[in-house]
Each structure stands twice: as C-alpha cells, then as structure tokens.
Amino acid sequence: MIQNERIRVLNNKPQKNGDYVLYWMQSSQRTNFNHALEYSIIKANSLNKPVLVFFGLNEKFPNGNLRNFSFMLEGLHEVQKSLEERKIKFILLKTSPEVGATQLSNNASIVVTDKGYLRNERSWRNYVAINIDCPLIEIESNTVVPIEEVSKKEEYSAATIRPKINKLLNVYLLPLKQNIPIKSSLSLPYDTLNLDNMEELIKSLKIDTTVPSSPHLFGGTSEAMSNLETFIKKKLDRYDELRNNPSLDYLSNMGPYLHFGQISPIFIALKILEIDSPGKGPYLEELIVRRELSMNYTYYNPKYDSFEGLPEWCKRTLEIHEKDTRDYTYSKKDFEMAKTHDPYWNAAQNEMVYYGKMHGYMRMYWGKKIIEWTKSPKEAYEILLYLNDKYELDGRDANGYTGVAWCFGKHDRPWSERKIFGNIRYMNDKGLKRKFDPDAYAKKINDYVSKI
DNA sequence: ATCGGCTCGCGCAA
DNA sequence: TGCGCGAAGCCGAT
C-alpha cells in the first residue's frame, strides 16, 4: 500500500485533461517496489489514461563520468525492458531532467515524481512545480519511513533518531502491490534514446571518460538482487563479526544500487526480516537507521557538503588545532594518485579508484588521515568530497556526504583532546592491526592493481 | 587481554 | 536541573 505520508503535492495547479500521466523518474530507477510508479499507474487507471515514464540524462550532472553513467544506464536499460512488459513507454532523453519533465508535462494530466534529499534534486522538483500547468505529485519511495514522519529537524545522532524510526516500522515497512495499467502507452509517438546499443549511446555522451566503469559492480535491479541473495546466503550470518574486516568481503554492497534507486530499501528489509540470522539486527540498523539518519542530515542541513555544516563543537575544536604542526602534508593530487607514506591508506585510495567502492571500515581511516595530513580541516573537507564524489559509485549521495561529515565528528561524540584533531575521534594504523590484518588487505588491492 | 577515562550535548526523569 | 549515555577509538594502567 502507498501510505498518505509518502504522497505530497508540490504545487497548487489544477488537473488537466491530458494524454497521459507522466512519471518523471529520477531517484527511484526501478520498476520493483517503486511507490511513485505504482501511484502513477493507479492514478492513470482512475483517469482512464496511459502512463508515460521519462528520465532525463544530464551530461552536465556534477561529477558525472563513465563509471557512474554506465552503472546507471545498465539499470535504466533494465527499467526500459521491464516497463515495456507492463505496456508502459519509457522515454530516455539527453536533457536536463527538469527541462524534459516540464516539456513532457504539456500533454500530461498530472506529473508524478519520486523524492530526493539533496540540493540539486530538490531544486529540480521546485523548478518543475512552478513551471508546469498541472499538479506535480512527489512520492517518497527511497526511505523505509518517510523522512518528515521520522523527525521535523536535523537529528543529533543515531541514538536520537533510532527510537523515532523504530517505532514507525510497523506502519511503513510493508510490501507494495504491483498494478497493471489499463491503457498501453507503447504506441504514443515520442522519441527515446536506444538503450539496446549501450556502447554507442555511451560513446555519444559528452562526459568525463577518465574514470572507467567498475570491473566488479554492474548496474541494474537484477544485479542488485543477485548480490543481495549472495549476501544473505554467504555473508549475513557472520556480518556482525566480519563486516569491519576489509581484507574480507562481508558487506552487502547495496550502496551503489540504493544510490541510484535500483533497489528499494523496503524490499531489502523485508527479505532480511524473513531470515533467522545473527546478522539480521546489525544489518537492518545500517540499512534503515544509519541510512535514514544520513538523509535526515542532508534534508535538514543546507550546508551538508561543507565544513560550515558541522556541529559547533566540531568546528570549534578543529579550528583551535588548525595551526598544529603536521608530520606529513599532501596535496589533493598526492592523495588522488595514492602517493602517501602509508601503504594502508594508499591501498584504500586504490580500492576506491579501481574498484569503484572502498570498504566501509577503511573509509573512516581514509578520511581521518586526510584530516591529519592536510594543512587545514577546510581543505581536507574539500578533498574528501572531491575524491568520494568522483570515484565512488555511491558518491554524490546523502550517505557519502554524511560519511565525510562523520570523519569530522558529525553524529559522533567528543574524545580526549589531541594534536590536530582536538576532540574529534582519532584513528591510527594500530587500530587496523588490532582489528584485522591490514597487510593482507593492502596485498589484495596491490595484486589487483598490478594486473591492470 | 581488559578496563576506565577522555568530552559535549541531547533528552528523559524528576 | 541532574544525569546517563552515545556509529565504527585511543591510551595507559593493571
């Protein structure tokens, strides 16, 4: 079912007698467990109209490159085929999303879209809400609990948001029924890019091609689901024990799929709930509480991607220690080329550059060390964001911005004061050795990189 | 190997 | 107003 709290009308325009209901797909790039798509079909059926689905390929998307575009297009190819089976036409155009959606709204009765938690996503929706002459209805499908139902403010920590989310799970963590359109839109006369010839399409895009596609992670809902199956079968039981061991792979790897909306967090959570495993609780904590905490941060803090957005105590303590001497300082380029004195740090950087995804535990160490080895925390902040957004398949995401902020103390607690970090949590390579074998990790990455 | 202290701010209990 | 406690730790004492 689609709870009322997932539905929001973004403008005050009258419904038209158009040719179709337009679903402007953006953050939920899937046909499975997609409340916005199901809402569009239900609405279209009640109006006796077909549904048209539109996606705008924006070549100027910040940090859009070969890696994230090919991952996304693999997913959209699957979306197109799956919609076609449901007699729904999928229109993919090389246009900025808000411009394309506005144009296609001319012949629409209403426009439906999904919800985003970042600045650009929200400004596109505002643009469309103002510039079209029919209703724009936003459906929240990428969180288990609708963000404003959880809390109306920026939360302080996981501890403060956890009870607010958990008490609402019985209301929102529910299956979603698939609907069948009464009217087909397949014969509507609209052009679309051809996704069957992916290579040619990718070649035609004016994007940064210096970051190659990941050799390990391929986009699309079916890839997401098969990775999830593997995770449940082979890793979930020992997840709690081994997830923080980067020399092994005990992670779900759902991040990139969730980022593009190729899989639904509700779908994942319902699957996990069926399993009796010691990893169940810890995994659901990460999937729901920590993920939705990160969306709470970007949604309520307009400075989510800058040093300025940090809590006062974090900025204060880091600024007090800004002049402390650094044993090492590196430039953005040094970091990007993985040229530091620390083999573990370099391995983490290379993992990100060559795999497209750094192990979660190393992300903390990696970020903390950039703070330690940069002239100022503000410069460090800029470098973390730059590298994360450029190389991570799940970059440019609420989780990424919150992960960076965490390295600077966000959602964390203060610790004993020390050089450079002040009261911010410090990490060192002794900690890595205490928990796992970082040499095995570095060897794994180095062996891989030397084969390229 | 294990343990307490470090330090700030939230939110509940009183 | 007081008090307990927190997303991934470090460090020194035992």
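Here the residue index of a chain counts from 1 through its sequence in written order. Whichever chain is written first becomes A and whichever ligand is written first becomes 1, with later ones labelled in order. Local features are withheld for residues below a pLDDT of 70 in this predicted model, meaning they are given only at 70 or higher, and side-chain atom pairs are given and counted only at 80 or more; totals for whole chains, interfaces and linings count all residues. To obtain the side-chain values, all non-hydrogen atoms of the structure were included, while hydrogens and water were left out.

**Q** Please set out the nonpolar core residue by residue, giving values where relevant.
**A** Soluble globular proteins tend to pack their nonpolar side chains together in the buried interior. Nonpolar cores were defined as sets of buried Ala, Val, Leu, Ile, Met, Phe, Trp, Tyr and Cys residues, with membership established by side-chain atoms within 4.5 Å. The classification of residues rests on relative accessible area computed with a 1.4 Å probe and restricted to protein chains. Under 20% of the type maximum is buried, over 50% is exposed, and intermediate values are partly exposed. Counting 72 residues, the largest nonpolar core has Leu73 and Phe90 as the members making the most contacts within it. For this core, the leading source of residues is helix α2 (residues 66-85), giving eight residues. Start and end points for every domain follow an automatic or database-based domain assignment. Counting residues domain by domain, this core receives three or more from each of domain 1 (1-141) and domain 2 (143-178 + 220-300). Residue contacts are counted whenever heavy atoms from the two residues lie within 4.5 Å of one another. Other than its neighbours up to four places away in sequence, Leu73 contacts Leu57, Leu92, Leu195, Met198, Leu201, Ile202 and Leu205. Counting 55 residues, the second largest nonpolar core, distinct from the first, contains Ile147, Met362, Ile371 and Trp373. The numbering of helices and of strands both runs from the N terminus, where a helix is a DSSP run of H or I of at least 4 residues and a strand a run of E of at least 2.

**Q** Go over the packing of aromatic side chains, please, and point to the residues and values.
**A** Here is the rule: rings of Phe, Tyr and Trp (six-membered ring for Trp) pair when centre to centre is within 6.5 Å. Planes less than 30 degrees apart are stacked, more than 60 are edge-to-face, and the remainder are tilted. Under the definition given, this model contains 22 aromatic pairs. Seen from their ring centres, Tyr239 and Tyr283 are 5.5 Å apart, and the 80° between their planes marks the pair as edge-to-face. Placement of the pair is Tyr239 in helix α10 (residues 239-242) and Tyr283 in helix α13 (residues 280-300), with a sequence separation of 44 residues. Judged by its relative accessible area of 3%, Tyr283 falls in the buried class. Ring plane angle 65° and centroid distance 6.4 Å describe the contact between Trp345 and Trp373, whose orientation is recorded as edge-to-face. Of this pair, Trp345 sits in helix α16 (residues 343-355) while Trp373 sits in the loop between α17 (360-372) and α18 (377-391), placing them 28 residues apart in sequence. Neither residue differs from the other here; Trp345 and Trp373 are each classed as buried. Through a chain of ring-to-ring contacts, three or more aromatic side chains come together here, namely Tyr328, Tyr330, Phe335, Trp345, Trp366 and Trp373. Comment: the charge-over-ring label is applied if NZ (Lys) or CZ (Arg) is within 6 Å of the ring centre and within 35 degrees of the ring normal. In this structure, Lys368 packs its charged tip against the face of Trp406, placed 5.0 Å from the ring centre.

**Q** Explain the protein's contact with DNA strand B to me, using residue names and the numbers behind them.
**A** Definition of nearness: a residue and a molecule or strand are near each other if at least one heavy atom of the residue lies within 4 Å of the molecule or strand. Around DNA strand B sit Lys153, Glu155, Tyr156, Thr160, Trp313, Arg316, Pro414, Trp415, Ser416 and Asn423, and those are all the residues in its vicinity. Within 4 Å of the protein, the contacting atoms of DNA strand B are drawn from sugar and phosphate to the extent of 75%. Pairs of N or O atoms within 3.5 Å make up the polar contacts considered here, provided that, within protein, one atom can donate a hydrogen while the other can accept it, and that residues adjacent in sequence are counted only when both atoms are side-chain atoms. In this structure, a phosphate oxygen belonging to DNA strand B sits 3.2 Å away from a side-chain N or O atom of Lys153. Interatomic distance of 3.0 Å between a side-chain N/O atom of Ser416 and a base oxygen of DNA strand B. Considering only residue class, the surface near DNA strand B consists of four nonpolar, three polar and three charged. Each residue is assigned to one class: nonpolar for Ala, Val, Leu, Ile, Met, Phe, Trp, Tyr, Cys and Pro, charged for Asp, Glu, Lys and Arg, and polar for all the others, Gly among them.

**Q** Account for the protein's contact with DNA strand C, with residues named and values stated.
**A** Within the structure, DNA strand C sits among 21 residues, and Ala159, Trp415, Arg425, Arg434 and Lys435 are positioned closest to it. The sugar-phosphate portion of DNA strand C accounts for 49% of its atoms within 4 Å of the protein, the bases making up the rest. Between DNA strand C and the protein, one listed contact pairs a phosphate oxygen with a side-chain N or O atom of Arg418 at 3.1 Å. The biggest single contributor to the surface near DNA strand C is helix α20 (residues 429-435), with four residues. The class makeup of the residues in the surface near DNA strand C is eight nonpolar, four polar and nine charged.

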